Amino acid sequence: MPTGRFAPSPTGPLHVGNLRTAVLAWLFARSGDSPFLIRIEDLDRVASREAHVQAHLDDLAALGIESDGPVVRQSLRFDRYEAALARLGAEGLLYPCYCTRKEVQAAVAAPHGPLPEGAYPGTCRDFTPAERAAREAGGRRPAWRVRAGGERVEAVDRLHGTVAAEVDDFVVRRADGAPAYQLAVVVDDHDQGVGEVVRGDDLLDTTPRQVWLARRLGLDVPAYAHVPLVLGPDGERLAKRHGAVTLADLRRRGVPAHAVLGAIAASLGLARLGSQVRSVTELVTTFDPRRLPVEPWRFDPTLLQ
Ligand SMILES: [Zn+2]
């Protein structure tokens, strides 16, 4: 069975929705006796906070989730992303894009051929060296895009079946020089030997781009399982404004991690409502990925208090 992983971004505390995805990723891996890894996605060095890194690891440990290998940090792996960018560049698959955010939005809004809604239409794709030089002279720093050109790519997801999309020329290096998430995640999953990516289904749409990149870089394409997001009582994606949604918030209100894990387990049909679960290890024998609820879970923090 393939190695699994959970890869949080330390830009804020983990909420119950993030924790449920972590529990699922752990259960997918462990139900197949596979290793499970934690990766800290601190690619965004401005928004990432060191305090959140430790809090994430502590929260996961409180549920019984630990990494079977070293906790990998994206901020220490820029040489690997540079190597991948160099390979794409050497194959003629990159070009500089001088569009501002506003220009991209305007270009994206205009109808253009077979590319899906929201796709970059290739404005800067065929610039001559003179056209590029003119923009550089104006002080614009380019982002770098891949020449995917609307290639149709299929990905297979355990819950959603076949997901197909025309892959547009997406950004792999941002204008500030940082590698884009799409690139880092593909390189990381390969380097860590991750065979199954379990994550929130808000990332389902990005999957064909990542499959395209993995193939171009000669990397194995992992299996995917995009699990439903957790919603607040109002049906909107769970967020801070829904009240006590982190382990720390809930603990302050007298709700222990075991009760939170019990609620998560109940939402997955693995425990009775109101039960306490000490560790994810208690759930592994009853977990069956084929019987996973595919509807989003509405979490009402007040019901735990
Ligand atoms: Zn452009």
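Calculation notes
- Residues numbered from 1 in each chain as written.
- Predicted model: local features only at pLDDT ≥ 70, side-chain atom pairs only at ≥ 80, totals over all residues.
- Heavy atoms only, no water.
- Donors = N, O, S within 2.8 Å, 3.2 Å for Na, K, Ca; no water.
- Tetrahedral: all angles 85-135°; square planar, octahedral: opposite > 155°, others 65-115°.
- Helix = DSSP H or I, 4+ residues; strand = E, 2+ residues; numbered from the N terminus.
- Buried < 20%, exposed > 50% of the residue type's maximum accessible area, 1.4 Å probe, protein only.
- Core = buried A, V, L, I, M, F, W, Y, C linked by side-chain atoms within 4.5 Å.
- Contact = heavy atoms within 4.5 Å.
- Salt bridge = Lys/Arg side-chain N within 4 Å of Asp/Glu carboxyl O.
- 1 Å grid on protein atoms, 1.4 Å probe; cavity = no way out; pocket = protein on both sides within 12 Å on 5 of 7 lines; lining within 4 Å.
- Points joined across faces, edges and corners; volume = space filled by probe spheres on them.
- Pairing = 2+ DSSP bridges.
- Axes fitted to C-alpha atoms, helices over the stretch in contact; angles between N-to-C directions.
- Parallel < 35°, antiparallel > 145°, perpendicular 65-115°, else oblique.
- Left-handed = near helix turned anticlockwise from the far one by under 90°.
- Nonpolar A, V, L, I, M, F, W, Y, C, P; charged D, E, K, R; others polar.

> Mind laying out the coordination of the zinc ion, listing which residues take part and the relevant values?
Coordination of the zinc ion by the protein comes from Cys97 (SG), Cys99 (SG), Tyr120 (OH) and Cys124 (SG), over a distance range of 2.1 to 2.3 Å. Geometry at the zinc ion is tetrahedral, judged from the four donor atoms that bind it and their angles of 101 to 123 degrees at the metal. Coordination of the zinc ion draws on donor residues from a single chain, spaced C-x1-C-x20-Y-x3-C in sequence. Note that cysteine 97 is positioned in strand β4 (residues 94-97) and tyrosine 120 in the loop between α4 (101-109) and α5 (129-137), a separation of 23 residues in sequence. An identical accessibility class is assigned to cysteine 97 and tyrosine 120; each is buried.

> So, the nonpolar core: which residues are in play, and what are the values?
One finds Val23 and Ile65 to be the most contacted residues of the largest nonpolar core, which totals 45 residues. For this core, the secondary-structure elements that each account for two or more residues are α1 (16-30), β2 (36-40), α2 (50-62), β10 (223-227), α8 (247-252) and α9 (257-267). When residues in this core are grouped by element, the largest group, ten residues, is from α1. Excluding residues within four positions of it along the chain, isoleucine 65 makes contact with Ala22, Val23, Trp26, Phe36, Ile38, Leu60 and Val280.

> Report on the pattern of salt bridges, specifying residues and quantitative values.
For the structure on display, the rule yields 23 salt bridges. When the shortest N-O distance is used, the salt bridge between aspartate 68 and arginine 30 registers 3.0 Å. With aspartate 68 in the loop between α2 and β3 (72-73) and arginine 30 in helix α1, the pair connects residues that are 38 residues apart, well separated along the chain. The exposure class assigned to aspartate 68 is partly exposed, which follows from its relative accessible area of 43%. Its salt-bridge partner being arginine 87, residue glutamate 91 comes within 3.3 Å of it at the nearest N-O pair. A relative accessible area of 43% means that glutamate 91 is categorised as partly exposed. It is possible to trace a salt-bridge network through shared partners that takes in Arg5, Arg39, Glu41, Arg77, Arg80, Asp188, Asp189 and Asp191.

> Give me the lowdown on empty space enclosed by the protein, citing residues and values where you can.
In this structure the tally under the stated criterion is one cavity of 30 Å³ or more. Taken as a whole, the largest cavity spans an internal volume of roughly 30 Å³. Taken together, Pro2, Thr3, Gly4, Ala25, Phe28, Ala29, Glu196 and Val198 make up the full set of residues lining the largest cavity. If you list the elements that add at least two residues to the lining of the largest cavity, you get α1 and β9 (196-200).

> Quick rundown of the sheet that holds strand β1 (residues 4-6)? Include the residues and the values.
The strand order across the open sheet formed by three strands is β1-β2-β3, and the pairing between neighbours is parallel. One side of each edge strand has no neighbouring strand; the edge strands of this open sheet are β1 and β3. Summarising the sheet, β2 and β3 pair through two bridges and their orientation is parallel. Within β3, the position partnered with isoleucine 40 by the bridge is arginine 73.

> Tell me about the packing of helix α3 (residues 78-90) against helix α6 (residues 181-191), residues and numbers included.
Axis separation between α3 and α6 bottoms out at 10 Å; the angle between their running directions is 110 degrees. By the angle between their axes, α3 is roughly perpendicular relative to α6. The crossing of α3 and α6 is right-handed. In this structure, α3 contributes Arg80, Tyr81, Ala84, Leu85 and Leu88 to the contact, and α6 contributes Leu183, Ala184, Val187, Asp188 and Asp191. Taken together, the residues of the contact of α3 with α6 sort by class into seven nonpolar, no polar and three charged.

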